[in-house]
Amino acid sequence: DAGITQSPRHKVTETGTPVTLRCHQTENHRYMYWYRQDPGHGLRLIHYSYGVKDTDKGEVSDGYSVSRSKTEDFLLTLESATSSQTSVYFCAISESGRNTGELFFGEGSRLTVL
Amino acid sequence: QQQVKQSPQSLIVQKGGISIINCAYENTAFDYFPWYQQFPGKGPALLIAIRPDVSEKKEGRFTISFNKSAKQFSLHIMDSQPGDSATYFCAASKDSGYALNFGKGTSLLVTP
């Protein structure tokens, strides 16, 4: 299995509180991604990173921010969580980045916003 | 909007049967078409992928069929087994971009 660790794996929080999810990789892959998975929507890209301090928005980036200060860590922050952000969040990594290489996914972080 | 449309949403197949999942896309710039398999509680994992220069790719019991003119591709699982029960996602991307565009997923149940 690819060395990807997501934390926390489960979190329940209240509307309006800040939340940070962490993705840590031991593969030294350059590219990292945050996806959310919702029933009926599949996997949707939130943000991605193509290097330290290099990030860009995906298709559902509103309400989320990311940071990558080290190759191995990619943080996803919900500044003020809303119920619509209840979801399962997956971190993924890839070596090639240009979408022609394999994405390796973490095991997910289930977030519930009450 | 959904760039990759996947059907059916769910599928029940008897052991030994053939499971078929279909996907369609509109963007002719897409040039990489992977399928991911996801078991409950786990992240998706790459199953098989194809490029549009070939019409079919086979790996064991799993085959991708690709129809460039129709902008469709499908996954066939031959001799389906209960262990194949999972959610399957098709996806598409273009070499100039960073994002994989996923379909909404198909929940496959293979009954004994």
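For the structure itself, look to the data block above.
Residues numbered from 1 in each chain as written. Chains lettered and ligands numbered in written order. Predicted model: local features only at pLDDT ≥ 70, side-chain atom pairs only at ≥ 80, totals over all residues. Heavy atoms only, no water.

Q: Can you help me understand the overall build of chain B in this one?
A: Tallying secondary structure elements over chain B gives zero helices and eleven strands in all. Along chain B, helices (α) and strands (β) appear in the sequence β-β-β-β-β-β-β-β-β-β-β when read from the amino end. Rg of the C-alpha trace for chain B: 13 Å, near the compact-globule value of 13 Å for 112 residues, within the 12% margin. Considered along the principal axes of its C-alpha atoms, chain B spans approximately 45 × 30 × 20 Å. Within chain B, the fraction of its 112 residues that count as buried is 46%. When the accessible surface of chain B is summed, it comes to about 5400 Å², and 49% of that surface belongs to carbon and sulfur atoms. The centroid of the 11 positive side-chain charges in chain B is displaced by 5 Å from the centroid of its 8 negative side-chain charges. (Helix = DSSP H or I, 4+ residues; strand = E, 2+ residues; numbered from the N terminus. Rg over C-alpha atoms; globule rule 2.2 N^0.38 Å. Buried < 20%, exposed > 50% of the residue type's maximum accessible area, 1.4 Å probe, protein only. Areas by Shrake-Rupley, 256 points an atom, 1.4 Å probe, with all protein chains shown as cover. Lys, Arg positive; Asp, Glu negative; His and termini not counted. Charge placed at Lys NZ, Arg CZ, Asp CG, Glu CD.)

Q: Please explain the sheet that holds strand E3 (residues 19-25) of chain A as it appears in this structure.
A: The pairing of strands in a sheet happens through backbone hydrogen bonds and is either parallel or antiparallel. All names here are of chain A. Read from one edge to the other, the open sheet built from four strands follows the order E1-E3-E8-E7, with strand pairing classed as antiparallel. With one partner strand each, in any of the chains shown, strand E1 (4-7) and strand E7 (64-70) form the two edges of the open sheet. Across the sheet, the axes of successive neighbouring strands diverge by a mean angle of 15 degrees, strand direction being ignored. (Pairing = 2+ DSSP bridges. Axes fitted to C-alpha atoms, helices over the stretch in contact; angles between N-to-C directions.)

Q: Got a minute to help me understand the environment of Ile18(B) in this structure?
A: Residue and element names in this part refer to chain B. With respect to the helices and strands, Ile 18 occurs in the loop between strand E2 (10-14) and strand E3 (19-25). For the pair formed by Ile 18 and Pro 112, sequence separation is 94 residues and the distance between their alpha carbons is 14 Å. Apart from the residues lying within four places of it in its own chain, the contact partners of Ile 18 are Val 13, Ile 77, Met 78 and Ser 80. (Contact = heavy atoms within 4.5 Å.)

Q: What am I meant to see in the sheet that holds strand E6 (residues 56-59) of chain B here?
A: Residue and element names in this part refer to chain B. Spatial strand order, E1-E3-E8-E7-E6: five strands in an open sheet with antiparallel pairing. Single-partner strands in this sheet number two, and they are strand E1 (4-7) and E6. The sheet shows a mean angle of 15 degrees between the axes of neighbouring strands, taken without regard to direction. As defined by bridge partners, E3 adjoins strand E8 (residues 72-77) across six bridges and the pair is classed as antiparallel.

Q: I would appreciate a short explanation of the pairing of E1(A) in the present structure.
A: Strand residues, when the strand is regular, have side chains that alternate between the two faces of the sheet. Residue and element names in this part refer to chain A. In E1, alternate side chains face the same way, and those of Ile 4 and Gln 6 are buried while those of Thr 5 and Ser 7 on the opposite face are not. Note that E1 and E3 share four bridges and pair antiparallel. Each residue of the ladder has a partner; that of Ser 7, found in E3, is Arg 22.

Q: Just to check I follow, could you spell out the pattern of salt bridges for this structure?
A: For side chains of opposite charge, pairing can occur when their charged atoms come near one another. Taken as a whole and judged by the stated rule, the model has nine salt bridges over all chains. With a closest N to O distance of 2.9 Å, Asp38(A) and Arg44(A) form a salt bridge. When sorted by exposure, Asp38(A) lands in the same class as Arg44(A), which is buried. Across the pair Asp73(A) and Lys70(A) runs a salt bridge, and its minimum N-O distance is 3.3 Å. On the basis of relative accessible area, Asp73(A) is assigned to the buried category, the value being 7%. Here Lys70(A) falls in the partly exposed class, since its relative accessible area comes to 41%. In the salt-bridge network here, residues are joined through shared partners; they are Arg9(A), Glu107(A) and Lys42(B). (Salt bridge = Lys/Arg side-chain N within 4 Å of Asp/Glu carboxyl O.)

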